[in-house]
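Survey of secondary and tertiary structure
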Amino acid sequence: MTDTLVTLQAMEQADPLPVPMSAPDLTELEREAVARVLRTASLSIGPELASFEKAVAAHTGVPHAIGVSSGTSGLHLCVIASGVGAGDYVITSPFSFVASANCILYEQAVPIFVDVDPETGNLDAALVAEAVSDFERRRKIENRWLPPSHRRERRGRLKALLPVHAFGQVADMQALTTVARSAELAVIEDACEAIGAEYQQRRAGTFGDAAVFAFYPNKQMTTGEGGMIVTPHAEWDQLFRSLRNQGRDVFDSWLAHSRLGYNYRLDEMSAALGAAQMQRLDDMLAQRAQVAAWYGEGLAGLAGIEPPRPAAATTFMSWFVYVVRVVAPADRNTVMRGLAAAGIPSRPYFSPIHLQPFIRDQFGYQRGDFPVTEYLGDVSLALPFSGVMRQDQVERVCSTLRAVLPS
Ligand SMILES: *Cc1c(COP(=O)(O)O)cnc(C)c1O
């Protein structure tokens, strides 16, 4: 055994109150639901998927829900349904998890990043309105909106708007959908971090032509791996069911493929887990709000830490992560190191998409291109958070923070 391993094990044994970065909220209900599937022979394309889809459609209040293998695969199918093809443009946020831009790249389309609102970290609707208007008038596009390495080749059309509901707070959808409608853009909500969230009393997923929820184990609810598309359009519902299933249409036989499709199916074990989690979703979201409230109390008045403050339009916050801003006199990286030394994990979150190495290589972005996103990327720190976190764990994080902050 290496010395590091020995030290790590010693540390773990010595730690009376471990605090994981995140943890799924699972009970007997979930374990029994998955075990029940394993006593049948129906492990894919079965009744569990149908009931999970029904539960998400009912909770969201959107007529159609289509289970898929991940949030990312769901977003990819939404980009396809929006008619986005090679060289087309899609406006999206650079302050997000990389999947919200990757799904555009999968179709050889070009993400047009627009900077975010400093309060919410979601797309700045006024800037999006300027961008859309410039694209419509074919004005200032090259120097203001296109990626640096694409400024000479203008071949695409602006086709869609893909707002991200970051950290469980819905983007400014009233303004964004108005802009999109006026320019006939498809709207795809990346609601992967926002199941159950409300904006002006309306749920995430009800604003766009389609929206996607994701169920990776760190999300508000999990299926292991998995995602769900919701859409008001019956034709899109059919299209998504075909695309996730190798391009088969409902009336196709197993070896008939009407279009290029994918294997983006969600298996029955995952779907059963998801259906069970849906029964507990409201309780789980309430528990996460409780944990966030404990943090809010524990961090109040700490110099150098700005706790999250949901916007007025957010009538229900679906707490996905607990992200604070570490500002002067504190320094984010010093705080992270101090927490780590006490055995408490934390993560910079998000790391701006336009500065990811492969995006920089392809599109020629540099620091300075999206100042608000970069500022948020520099100061944001996700603290350990989950619905099963106990008050003593939250207090331990807060007291450690207090100790590592400059006094
Ligand atoms: C988690 C997440 C996704 C992708 O979900 P996966 O299920 O991991 O593919 C997409 N966008 C955002 C903003 C996310 O947080």
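This text gives an overview of the structure that appears in the document.

Conventions adopted
- Residues numbered from 1 in each chain as written.
- Predicted model: local features only at pLDDT ≥ 70, side-chain atom pairs only at ≥ 80, totals over all residues.
- Heavy atoms only, no water.
- Helix = DSSP H or I, 4+ residues; strand = E, 2+ residues; numbered from the N terminus.
- Buried < 20%, exposed > 50% of the residue type's maximum accessible area, 1.4 Å probe, protein only.
- Contact = heavy atoms within 4.5 Å.
- Areas by Shrake-Rupley, 256 points an atom, 1.4 Å probe, with all protein chains shown as cover.
- Lys, Arg positive; Asp, Glu negative; His and termini not counted.
- Charge placed at Lys NZ, Arg CZ, Asp CG, Glu CD.
- Arc of directions from axis to C-beta.
- Salt bridge = Lys/Arg side-chain N within 4 Å of Asp/Glu carboxyl O.

Our focus in this paragraph is the overall build of the protein chain. Helix and strand content of the protein chain: 14 helices and 14 strands. Out of the 407 residues belonging to the protein chain, those deemed buried represent 55%. Taking the contacts inside the protein chain whose residues are at least 6 apart along the sequence as the reference set, 70% of them involve residues at least 24 apart. Element-wise, carbon and sulfur atoms account for 53% of the exposed surface of the protein chain, whose accessible area totals about 17,500 Å². Measuring between centres, the 36 positive side-chain charges of the protein chain sit 4 Å from its 45 negative side-chain charges.

Every buried residue belonging to helix 8 (residues 173-182) is among Met-173, Leu-176, Thr-177, Val-179 and Ala-180, and all of these are buried. For helix 8, the arc enclosing every buried residue in end-on projection is 160°, short of the 170-degree limit, so these residues lie on one face. Along helix 8, exposed side chains directed more than 90 degrees from the buried face belong to Arg-181 and Ser-182.

Here we take up the pattern of salt bridges. Two side chains bearing opposite charge may form a pair once their charged atoms approach each other closely. Within this structure, the stated rule accounts for 16 salt bridges. With a shortest N-O distance of 2.6 Å, Lys-159 and Asp-88 are connected by a salt bridge. On the criterion of sequence distance, the pair formed by Lys-159 in strand 4 (residues 158-162) and Asp-88 in the loop between helix 4 (71-81) and strand 2 (89-92) is long-range, its members being 71 residues apart. Across this residue pair, the class does not change: Lys-159 and Asp-88 are buried. Arg-144 is the salt-bridge partner of Glu-130, the closest N and O atoms lying 2.7 Å from each other. One end of the pair, Glu-130, is in helix 6 (residues 125-137); the other, Arg-144, is in helix 7 (residues 141-145), and 14 residues separate them in sequence. The partly exposed category is assigned to Arg-144, whose relative accessible area is 35%.

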